[in-house]
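# Observations on the three-dimensional arrangement
Each chain, letter by letter, is given below.
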Amino acid sequence: CGRGPGGCRGGRTDMALRCAASLAAGRQPRGPRREGTVRWSSAAKASAVKINEKASREKILTLESMNPQVKAVEYAVRGPIVLKAGEIEKELRKGIKKPFTEVIKANIGDAHAMGQRPITFLRQVVALCTYPNLLDSPSFPEDAKKRARRILQGCGGNSLGSYTASQGINCIREDVASYIERRDGGVPADPDNIYLTTGASDGISAILKILISGGGKSRTGVMIPIPQYPLYSAVISELDAIQVNYYLDEENCWALNVNELRRALNEAKAYCNPKVLCIINPGNPTGQVQNRKCIEDVIHFAWEEKLFLLADEVYQDNVYSEGCQFHSFKKILYEMGPEYCNNVELASFHSTSKGYMGECGYRGGYMEVINLHPEIKGQLVKLLSVRLCPPVSGQAAMDIVVNPPVPGEESYAQFIKEKESVLNNLAKKAKLTEDMFNKIPGVHCNPLQGAMYAFPRIFIPSKAIEEAKAHKMAPDMFYCMKLLEETGICVVPGSGFGQREGTYHFRMTILPPVEKLKILLEKVKDFHIKFLEKYA
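I will try to describe carefully the structure that is included in this document. Worth saying up front: this structure is predicted, and the values here are computed from it rather than measured.

### As for the pattern of salt bridges
This model, assessed by the stated rule, comprises 27 salt bridges. Here Arg 123 makes a salt bridge to Glu 359, at a shortest N to O gap of 2.9 Å. You can see Arg 123 sitting in helix α5 (residues 120-130) and its partner Glu 359 sitting in the loop between β7 (346-351) and β8 (364-370), a full 236 residues away along the chain. As a salt-bridge pair, Glu 335 and Arg 292 come within 2.5 Å of each other at their nearest N and O atoms. Of this pair, Glu 335 sits in helix α12 (residues 329-335) while Arg 292 sits in helix α11 (residues 292-305); the two residues are 43 residues apart in sequence, bridging distant segments of the chain. The partly exposed category is assigned to Arg 292, whose relative accessible area is 31%. Among the charged side chains, a network of salt bridges with common partners joins Arg 262, Lys 269, Glu 304 and Glu 305.

What follows is the structure, encoded as structure tokens:
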């Protein structure tokens with residue numbers, strides 16, 4: 001290697017590189033051992049720094065080079081206000097004094113995080129599936145063991161740790177189909193049309209992915225309600241589709257009006273090809289429950305205009321107001337006769353995350369897709385196969401939602417008691433929230449007919465609007481940020497969901513325990529009154 005008295009020919013370069021590493025690590029570099037003080041010439045130091053700079057090249061992935069569609073994605077439910085809430089929580093843990101002792105995260109429908117207890121039977125079955133040795137334990141009821149054994153028999157190696165078919169475990173899809181038939185009064189459901197998903201969000205994204213095509217004026221337009229759940233606008237942005245807004249009627253309890261659908265569709269035809277209509281029922285963030293006549297009108301409109309229907313029905317168990325009832329789009333579609341039920345393409349979605357279960361973390365869900373072209377069915381399965389399969393524990397949890405204990409089984413009494421307790425409690429909190437908001441000057445809240453959120457309209461004085469503009473914030477973002485900083489309450493500004501120009505709202509979950517919810521609402525009341533006084 002050309003060794004001489006001074007070592008390798010590359011010795012100086014190696015030494016410079018070691019020096020660069022030392023400088024980068026903040027250590028004083030060591031030179032060759034000599035008698036007396038070790039010194040580095042300024043030239044040697046400059047050489048080391050130069051080599052280090054060369055080693056640190058420009059990043060391949062930057063904000064300028066990244067996928068612009070991903071950069072365009074916004075998801076208000078976990079947006080800037082939630083990041084600020086996280087910062088405040090860290091400050092509280094460090095002992096920094098605030099006008100409050102905790103952050104109340106009322107921004108998201110995360111039931112268990114808010115203190116709701118899990119449904120015992122569901123957790124028992126998932127525990128048995130996860131650790132089958134428990135099947136020999138007398139601590140677990142036989143009806144739970146029966147379901148666990150059936151699920152495990154559908155898993156490779158009788159283990160929840162194995163991959164499943166991309167469409168999901170067959171026996172669970174059969175249970176979903178049976179559930180739909182019971183729910184819809186005997187309307188047939190085919191397990192082959194059932195796709196188990198990673199929460200409802202996964203199914204919605206997959207269907208939109210396969211629907212969107214074209215360019216320019218032929219690019220797919222997706223009609224979504226305003227206010228909407230931000231998943232829809234986020235996926236539309238990610239897929240570079242065209243968002244077509246139709247507005248819910250706030251003056252009429254957030255009703256869906258077909259004339260508004262027609263206005264939005266006709267205007268959109270000038271710049272895109274609208275072919276998807278999304279419905280959220282019960283509504284998120286607005287909490288309305290659509291009546292049968294409204295659903296019939298929407299189905300007729302979709303049939304007439306040749307639109308693919310997406311029915312987001314994850315809150316189907318969450319209906320509170322007297323006179324309101326959940327009607328599935330699938331059921332009404334079949335009852336409208338063969339002309340509709342044999343032709344309208346419909347994907348409907350459900351989840352373990354909402355309802356009385358609140359099992360968000362399992363990421364369990366399903367979609368039923370009917371009247372799909374046979375060749376497209378194969379393409380959908382291919383697309384889903386890329387992610388291999390949904391979480392198997394989530395599939396097991398979904399099975400218990402659709403196959404719960406029935407009268408005569410030993411777990412039925414406890415199950416029905418827990419289920420009714422959760423739903424009755426939510427109904428009580430929905431009414432409490434509506435009543436307390438409507439007592440606050442400058443706040444109006446429509447009846448919370450269903451789901452698990454309030455979406456009150458708030459009056460923001462012009463002086464506050466000007467200050468918000470000075471801070472480059474939407475007025476309701478400014479309001480919500482002030483609310484967080486002064487009370488510790490984290491809610492989501494209405495601008496993150498969409499709203500009519502000149503109106504302002506925020507979304508707040510009703511999930512906190514009743515006593516905590518009362519305190520929260522009182523704090524909002526006090527804050528709002530002071531806010532109006534300050535900016536009047």
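Once the structure has been displayed, the description carries forward.
### Section: the sheet that holds strand β3 (residues 220-226)
Within a beta sheet, neighbouring strands are joined by backbone hydrogen bonds and run either parallel or antiparallel to one another. If you trace the 7 strands from one edge of the open sheet to the other, you get β2-β8-β7-β6-β5-β3-β4, paired in mixed fashion. At either margin of the open sheet sits one strand with a lone partner, and together these are β2 (194-198) and β4 (242-247). Pairwise comparison of adjacent strand axes, ignoring direction, gives a mean angle of 25° for this sheet. Relative to β8, β7 runs antiparallel, the two sharing 6 bridges. Paired with Leu 346 across the bridge in β8 is Ile 370. Sheet strands in contact with helix α7 (residues 170-183) are β2, β7 and β8, and its direction is about 110° off that of β2.

### Overview of the nonpolar core
In this structure, Ile 207 and Phe 437 are the most contacted members of the largest nonpolar core, which totals 124 residues. Counting residues domain by domain, this core receives three or more from each of domain 1 (68-115 + 413-535) and domain 2 (120-402). Apart from residues lying up to four places away in sequence, Ile 207 is in contact with Phe 308, Leu 310, Ala 347, Phe 349, Met 367, Val 369 and Leu 380. Ile 295, Ile 299, Leu 333 and Phe 455 belong to the second largest nonpolar core, which has 34 residues in total.

### Observations regarding α5
Where α5 is concerned, the buried positions are Phe 121, Leu 122, Gln 124, Val 125, Val 126, Leu 128 and Cys 129. The elements touched by buried residues of α5 are α6 (142-153) and α15 (392-402).

### Details of the environment of Ala 206
Turning to its location among the elements, Ala 206 is positioned in helix α8 (residues 199-211). Separated by 178 residues in the primary sequence, Ala 206 and Leu 384 have C-alpha atoms spaced 7.4 Å apart.

### Observations concerning the sheet that holds strand β10 (residues 453-454)
Read from one edge to the other, the open sheet built from 3 strands follows the order β10-β14-β13, with strand pairing classed as antiparallel. Edge positions in the sheet fall to β10 and β13 (492-493), since each has one partner strand and no second.

### Looking at the pairing of β7
Sheet faces and side chains relate simply in a regular strand, where the side chains alternate between the two faces. Among the 6 residues that make up β7, 6 are buried, leaving the element largely enclosed by the rest of the structure. The two faces of β7 match: Leu 346, Ser 348 and His 350 on one face and Ala 347, Phe 349 and Ser 351 on the other face are all buried. Note that strand β6 (residues 308-312) and β7 share 4 bridges and pair parallel. Looking at β7, one finds that Leu 310 is bridged to Ala 347.

### Examining the side chain of Ser 328
By the element assignment, Ser 328 lies in the loop between β6 and α12. What makes Ser 328 buried here is its relative accessible area of 1%. Among the polar contacts listed, one links the side chain of Ser 328 to the side chain of Asp 184, at a separation of 2.9 Å.

### Let's talk about unusual backbone geometry
Geometrically, the link from Asn 281 to Pro 282 is a cis peptide bond, its omega value of -10° lying close to zero. With respect to the helices and strands, the residue Pro 282 is situated in the loop between β5 (273-280) and α11. Residue Pro 285 is bonded to the preceding Asn 284 through a cis peptide linkage, with omega at 15°. Take Pro 285: it is sitting in the loop between β5 and α11.

### Considerations on the packing of α8 against helix α14 (residues 374-385)
When two helices pack together, their arrangement is given by the angle between the helix axes and by the axis-to-axis distance. Between α8 and α14, the least distance of the axes is 11 Å, while the angle of their chain directions is 125°. Here α8 is positioned oblique relative to α14, judged by the angle of their axes. Seen from above, α8 lies across α14 with right-handed handedness. Residues Ala 206, Ile 207, Lys 209 and Ile 210 of α8 touch α14, and the partners they reach there are Ile 376, Gln 379, Leu 380, Leu 383 and Leu 384.

### Thoughts on the pairing of β4
Bridge count for β3 against β4 is 6 bridges, and the pairing is parallel. Bridge pairing links Gly 221 to Ile 242 in β4. Crossover handedness for the path β3 to helix α9 (residues 231-238) to β4: right-handed.

### Observations regarding the packing of aromatic side chains
Per the stated rule, a full pass over the model turns up 13 aromatic pairs. Measuring from ring centre to ring centre gives 5.9 Å for Tyr 356 and Phe 415, while their planes differ by 80°; the resulting arrangement is edge-to-face. Of the two residues, Tyr 356 is situated in the loop between β7 and β8 and Phe 415 in helix α16 (residues 412-437); the sequence distance between them amounts to 59 residues. In this pair, the class of Tyr 356 matches that of Phe 415, namely buried. An aromatic cluster is present here, built from Phe 437, Phe 478, Tyr 479, Phe 506, Phe 527, Phe 531 and Tyr 535 joined pairwise through their rings. Lying across the ring of Tyr 453, Arg 507 places its NZ or CZ 3.9 Å from the centre.

Analysis parameters
- Residues numbered from 1 in each chain as written.
- Predicted model: local features only at pLDDT ≥ 70, side-chain atom pairs only at ≥ 80, totals over all residues.
- Heavy atoms only, no water.
- Salt bridge = Lys/Arg side-chain N within 4 Å of Asp/Glu carboxyl O.
- Helix = DSSP H or I, 4+ residues; strand = E, 2+ residues; numbered from the N terminus.
- Buried < 20%, exposed > 50% of the residue type's maximum accessible area, 1.4 Å probe, protein only.
- Pairing = 2+ DSSP bridges.
- Axes fitted to C-alpha atoms, helices over the stretch in contact; angles between N-to-C directions.
- Contact = heavy atoms within 4.5 Å.
- Core = buried A, V, L, I, M, F, W, Y, C linked by side-chain atoms within 4.5 Å.
- Domains from an automatic or database assignment.
- Polar contact = N/O pair within 3.5 Å; in protein donor to acceptor, adjacent residues only side chain to side chain.
- Parallel < 35°, antiparallel > 145°, perpendicular 65-115°, else oblique.
- Left-handed = near helix turned anticlockwise from the far one by under 90°.
- Right-handed = clockwise from strand over helix to strand, strands pointing away.
- Phe/Tyr/Trp six-rings, centres within 6.5 Å; stacked < 30°, edge-to-face > 60°.
- Lys NZ or Arg CZ within 6 Å of the ring centre and 35° of its normal.

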